[in-house]
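Structure at a glance
These are the residues of each chain, in order.
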Amino acid sequence: MNRSEFLELVQSKIVVLDGATGSNLQDSGMVSGVCPETWILENERTLIELQKGYLEAGSDIVYAPTFTANRVKLEEYGLEDQIAEINEELVLLSRKAIEEANIGSRKAYIAGDLTMTGEQLYPMGKMMFEELVDIYKEQVSYILMAGVDLFVVETMLSLQECRAAVLAIKELCDLPILVTLTFNDDGRTLYGTTPEAAVVVLQELGAAAVGVNCSTGPDKMAEVVRRMKSVANVPIIAKPNAGMPVLVDGKTIYNMDAYEFAEKATLLIEAGANIVGGCCGTTILHMNELAKKAAEHMPSEIRIKKQPVLSTERSILPIDIDGKFMVIGERINPTGKKPLQAELRAGELDLVLEFAEEQVEAGANILDINMGTNGIDEKEMMVKAIYEVTRVVDVPLCIDSSHIEVIEAALRIYPGRALINSISFEKEKFERLLPIAKKYGAMFILLPLSEKGLPKDMGEKKYIIDTIIARAEEIGLSKQDIIVDALVNTVGANKKAALEALETITYCKKTLGVATACGLSNISFGLPERQFVNSAFLSFAIREGLTMAIANPCQELLMNLAFASDLLLNKEEADIRYITQVSNHPITVSKKDEQTGKNLSNSSDRNELQNEEKTSIIYEEVLKGNRKHIVSHVEEAITAGEKPSVILDEMLIPAINKVGDLFDKQIYYLPQLIASAETMKTAIDYLEPLLKEGQDGGKLGTIIIATVAGDIHDIGKNLVALMLKNYGFEVIDLGKDVPSEKIIEEAKKHDADIIGLSALMTTTMMEMKTVVKLKNKENLRAKVIIGGAVTTPSFAKEIGADGYSTDAQDAVRLVKELLSLS
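Worth saying up front: this structure is predicted, and the values here are computed from it rather than measured.

1. What to know about the overall build of the chain
- Helix and strand counts for the chain stand at 32 helices and 25 strands.
- For 822 residues, the compact-globule estimate of 2.2 N^0.38 gives 28 Å, and the chain sits close to it at 29 Å.
- When its C-alpha atoms are laid out on the principal axes, the chain stretches across 85 × 80 × 45 Å.
- By residue count, 58% of the 822 residues in the chain fall in the buried class.

Encoded structure:
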């Protein structure tokens, strides 16, 4: 099946996928703790009959049971050397199901199935991006040998892991790729990705369809589908659970029968899903009823015209040529900045991160990242900067380099949709960078330069613009992927420079319908009091339709004038934006710092005020998750006479409490929470030998924590363990896939106060009940708390657990409450 055939299928009908695999296999005798792949191969008729049933019920596509057959997960069972035959044999079982199914002339398809490995990617974990791509490539290669029609990447929590899987598949074949993620009740993934960001990034990367699976029942999934549809140029997938899991007579079941499931699944179709199926708890009967309902609906239209939009891992930035003016922050560029050059040569990024945060705070919508200076490995430093900057700010990045390999390295690991600065008509850049932009789904700034240099007149300039756009469209890009640089020259050398740039802006907006940008400071080069020339030109350019400028957002005169220009042009909500901007950034004209462009008198006054209000730098480092310098700051505080206990009680703990508060308010997400927790842990590891034991002579309490048997997901559990350690509890982390007997043995050995259990799979959550039973049998005094995506407060109560926590911060609260410490 090629992509055109796939789209033809999706446009002809509501495509029906299969239902659950894991929960049905468990009902057929698969016990937790075994390798699912080998159990299936030993009980192949069970799988074949299940998939035959789905096909005969109306499923158009069945997922080959290769879900966890990657090297990382097979290693846990000592089966990594059998990865080739396991994947090939599993695909063949689905092929047999199709051959045996009584579906007449209706065609059915097999999707090779990939999912997460359970290992966190750098910088949150140790696995590097390219290593994960290779892990997926290995599995994909064996699946291809067996023969599949398309691929699905499902039940994903991390957008970056989705990107790795999509790239792995794309680099080995041209088969259609479906990607589905799981979303929490707040409408974001565990890593904070919105439905819109997931669609934008993955469709531009090459996914043939994007959607949501697992997570919840069909009724609660409709809003996620609706949000995805709002930005989609590809079909949307919805594969919900059969409601929510409940415990009945000691068995986990889902509370939505087939008829209710199918009825409520129509909400997903009405919200825009062209492809529907079932996840946990769904059966052949569920799919039979779903297929009947799907046949009553026509597929929704798939939008052809693209929308110009950039994205981070967590949010999107729509670009509207008639909308608000935007700024690409220019300061992360070592040209003319000796302190930054020196830092980069030393391998440091402190100034880069400082510039990033300051520019975003000042109003930058996008940040330009340029590492071009001598004496460094530019590619290595660019990659390092991408990792670090995306950790501290949530705005899209503009990748700026004169070297093609540097741009590609950055695009490969950037977890969003980036902007390339820039692609000109110079032969090498024109021929090599356009396909790179297409491969990684990037937007790009079109720079109207050729091998000959600057265009000699407007005619040549328009020819270059038109030619690059035409070539971009030939390879599958569109005008909505392009931002044209107006190519501003200095008015000191060319008196018509401003007029020519304004004519370019007008041509691009009114004739081509393309967004525009410019390097603003070029216009005033060599002139005195440049801010006045820059600001005056900017107001003219915005009037002509300039979409964005590459500028220093810390120049308050410039920024306030831009907001005022939008106000006078009656742009939507410009009045509120202007009032907010000038209220926060009043103008005092004074001498500018040549290195930073900041207003010296304003920044001095403001810094003095901030210093009066500022909490300790240790607090700030934890709040921002800056682990690198935390120990040196703690050392300085101790040298200055601060007591270790004061550092802990008045700096570290209040900081992590604030982080928890920001997490609860959805201002921070998992990456920031982990970064802050790791920073605090680093400080505590240093302080621990210096801290005296509490008055009670010991720790606050001892906690045994584990992911239950059969479950290899431990991201949430690891964070809970880290947070509890930071609050002074002794935490013994047993890891993942831990047998119930082992958990009880360790709890008895350490006389634990708390046993913390985590599960992310419905097929393993009943192990929690086993642990509770064993604890009661052994008469242990420990209290049991549970957590994980599939668990609920009612489930905790039903199995006899003492508490349920929603996340790491809530786990700290719960433990304190159970131990009467709060």
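2. Thoughts on the environment of Tyr 668
- Here Tyr 668 is to be found in the loop between α26 (644-664) and α27 (670-687).
- The buried category is assigned to Tyr 668, whose relative accessible area is 14%.
- Filtering out sequence-adjacent residues up to four positions away, Tyr 668 remains in contact with Leu 623, Lys 624, Val 659, Leu 662, Phe 663 and Ser 676.
- Separated by 2.6 Å, the side chain of Tyr 668 and the backbone oxygen of Leu 623 make a polar contact.

3. Some points on the nonpolar core
- Ranked by size, the top nonpolar core spans 198 residues in total, and within it Leu 367, Met 371, Phe 444 and Leu 652 carry the most contacts.
- Broken down by element, this core gets its largest block of residues, 10 residues, from α26.
- Phe 444 has contacts with Leu 419, Ile 420, Ile 423, Leu 434, Ala 437, Ile 468, Ala 472, Leu 477, Asp 481, Ile 482 and Ile 483, leaving out every residue within four places of it along the chain.
- Residues Ala 752, Met 765, Ala 782 and Val 784 belong to the second largest nonpolar core, which totals 27 residues.

4. Comments concerning the pairing of strand β23 (residues 754-758)
- Within β23, five of the five residues are buried, which leaves the element mostly enclosed by the surrounding structure.
- Of the two faces of β23, both are covered, the one formed by Ile 754, Gly 756 and Ser 758 as well as the one formed by Ile 755 and Leu 757.
- In this structure, β23 lies alongside strand β24 (residues 783-787), joined through five bridges in parallel fashion. Paired with Leu 757 across the strands is Ile 786, a residue of β24.
- Tracing the backbone out of β23, into helix α30 (residues 766-777) and back to the parallel element β24 gives a crossover that is right-handed.

5. A word on helix α10 (residues 218-229)
- Between its first and last C-alpha atoms α10 spans 16 Å; for 12 residues at 1.5 Å apiece the expected length is 16 Å, and the two agree.
- Check the buried side of α10 and you find it contacts α9 (195-205), β6 (209-214), β7 (236-240), α11 (258-271) and β10 (273-276).

6. Observations regarding helix α25 (residues 630-639)
- For α25, the complete set of buried residues consists of Ile 630, His 633, Val 634 and Ala 637. One face of α25 carries all of its buried residues, which in axial projection span an arc of 100°.
- Gly 641 sits one or two residues past α25 and shows a positive phi near 105°.

7. As for the sheet that holds strand β3 (residues 109-114)
- If you walk across this open sheet you meet the eight strands as β1-β10-β7-β6-β5-β4-β3-β2, and the pairing is parallel. With one partner strand each, in any of the chains shown, β1 (15-16) and β2 (61-63) form the two edges of the open sheet.
- As paired strands, β3 and strand β4 (residues 150-156) are joined by four bridges and run parallel to one another. Residue pairing for β4: Asp 113 is matched across the bridge by Val 152.

8. Notes on the packing of helix α29 (residues 740-749) against α30
- For the pair α29 and α30, the least separation of the axes is 9 Å and the interaxial angle reads 40°. Our classification of the angle between α29 and α30 gives oblique. In this structure, α29 crosses over α30, and the sense of that crossing is right-handed. When α29 is examined against α30, the residues Ser 740, Glu 741, Ile 743 and Ile 744 are found in contact with a partner set consisting of Glu 767, Thr 770, Val 771, Leu 774 and Lys 775.
- Counted by class, the contact of α29 with α30 contains four nonpolar, two polar and three charged residues.

9. Some details on the side chain of Thr 115
- Counting through the fold element by element, Thr 115 comes out in the loop between β3 and α7 (129-146).
- Only 2.9 Å separates the side chain of Thr 115 from the backbone oxygen of Glu 154, close enough to count as a polar contact.
- Among all residues touching Thr 115, those that are not within four sequence positions of it are Phe 67, Thr 68, Asn 70, Lys 73, Tyr 136, Glu 154, Thr 155 and Met 156.

10. Describing the pairing of strand β15 (residues 397-400)
- Where burial is concerned, the two faces of β15 agree: the one with Leu 397 and Ile 399 and the one with Cys 398 and Asp 400 are both buried.
- As judged from the four bridges shared by strand β14 (residues 366-370) and β15, these two strands associate in the parallel manner. Bridge assignment links Leu 367 to a residue of β15, and that residue is Leu 397.
- In this region the chain leaves β14, passes through helix α15 (residues 378-392) and returns to the parallel neighbour β15; the handedness of that crossover is right-handed.
- Where β15 and strand β16 (residues 419-424) come together, three bridges link them in parallel fashion. Counterpart to Ile 399 in the pairing with β16 is Ile 420.
- For the segment spanning β15, helix α16 (residues 404-413) and β16, crossover handedness is right-handed.

Rules behind the numbers
Residues numbered from 1 in each chain as written. Predicted model: local features only at pLDDT ≥ 70, side-chain atom pairs only at ≥ 80, totals over all residues. Heavy atoms only, no water. Helix = DSSP H or I, 4+ residues; strand = E, 2+ residues; numbered from the N terminus. Rg over C-alpha atoms; globule rule 2.2 N^0.38 Å. Buried < 20%, exposed > 50% of the residue type's maximum accessible area, 1.4 Å probe, protein only. Contact = heavy atoms within 4.5 Å. Polar contact = N/O pair within 3.5 Å; in protein donor to acceptor, adjacent residues only side chain to side chain. Core = buried A, V, L, I, M, F, W, Y, C linked by side-chain atoms within 4.5 Å. Pairing = 2+ DSSP bridges. Right-handed = clockwise from strand over helix to strand, strands pointing away. Expected span 1.5 Å × (residues − 1). Arc of directions from axis to C-beta. Axes fitted to C-alpha atoms, helices over the stretch in contact; angles between N-to-C directions. Parallel < 35°, antiparallel > 145°, perpendicular 65-115°, else oblique. Left-handed = near helix turned anticlockwise from the far one by under 90°. Nonpolar A, V, L, I, M, F, W, Y, C, P; charged D, E, K, R; others polar.

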